[in-house]
Amino acid sequence: MDKRLLIDSVGVLTVTPEQINESLDKNNGRLILSGVMQRGDALNQNGRNYPMEVLKRESDKYKKVFITEKRALGELDHPDSSVVNLQNVSHNVLDLWWDGKDLMGKLEILGTPSGNIAKELLKAGIRLGISSRGMGSVKQIGEGKVEVQDDFEIVCWDLVSNPSTQGAFMSPLNESV
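Only a predicted model underlies this, so the values are computations on that prediction, with no experimental measurement involved.

K.L.:
It is not clear to me how the pattern of salt bridges should be interpreted in this structure. Could you clarify?
P.N.:
Tallied over the full model, the rule gives 14 salt bridges. The partner of Asp60 in a salt bridge is Lys56, and the shortest N-O contact between them spans 3.0 Å. Of this pair, Asp60 and Lys56 both sit in helix α2 (residues 52-67), four residues apart, which is roughly one turn of that helix. For Asp60, a relative accessible area of 38% puts it in the partly exposed group. On the basis of relative accessibility, which here comes to 36%, the residue Lys56 falls in the partly exposed class. Here Arg133 and Glu75 are joined by a salt bridge, their closest N and O atoms 3.2 Å apart. A residue pair is termed long-range when its members are at least 10 positions apart, and Arg133 in strand β7 (residues 128-136) and Glu75 in strand β4 (residues 73-75) qualify at 58 residues. Per residue, the accessibility class of Arg133 equals that of Glu75, and both read buried. Bridged by salt links that share partners, the residues Arg57, Glu58, Lys61 and Asp150 form one connected network.

K.L.:
Is there a simple way to think about the side chain of Asn44 in this case?
P.N.:
Tracing the chain through its elements places Asn44 in the loop between β2 (31-39) and β3 (48-49). At 2.8 Å, the side chain of Asn44 and the backbone nitrogen of Asn46 are in polar contact.

What counts and how
Residues numbered from 1 in each chain as written. Predicted model: local features only at pLDDT ≥ 70, side-chain atom pairs only at ≥ 80, totals over all residues. Heavy atoms only, no water. Salt bridge = Lys/Arg side-chain N within 4 Å of Asp/Glu carboxyl O. Helix = DSSP H or I, 4+ residues; strand = E, 2+ residues; numbered from the N terminus. Buried < 20%, exposed > 50% of the residue type's maximum accessible area, 1.4 Å probe, protein only. Polar contact = N/O pair within 3.5 Å; in protein donor to acceptor, adjacent residues only side chain to side chain.

No statement about biological role is implied by the geometric values presented.
Okay, here's the thing in structure tokens:
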């Protein structure tokens, strides 16, 4: 099987200006969002299924390496690359955890040019999705349906305009830091 770039949108960031301001106030000027990042064992709108064991293995590895080392960066929009381009970084993933088959996450919108664009879009009420980017192969499991194989590796989660997984939303996290 051919290993290729796999891009899947998971959720939508739906926030109000009031929620953004509250998050900024309670997090020392930082905009922190939390919500569903990815869903295991569920067919998404792209017709792709991520087996729980593959997603769990990769999220554990991502947390151990990238989050621990404060390198869990994502971009504003998906590039056609398996490399995170620092010029386009908009956010940093701070934590990942499981709630049933939902991979939950917490991320900080950064003060980078792309992060500032994301923050202004959110302030204007624009809905942004959260989307995984990874490398791996897929296997046909039905008409228009594929399953991600064991060679899958997560690259990052990006902010996008058109998500594929329904019912996953992120919102500002209001906690003291």
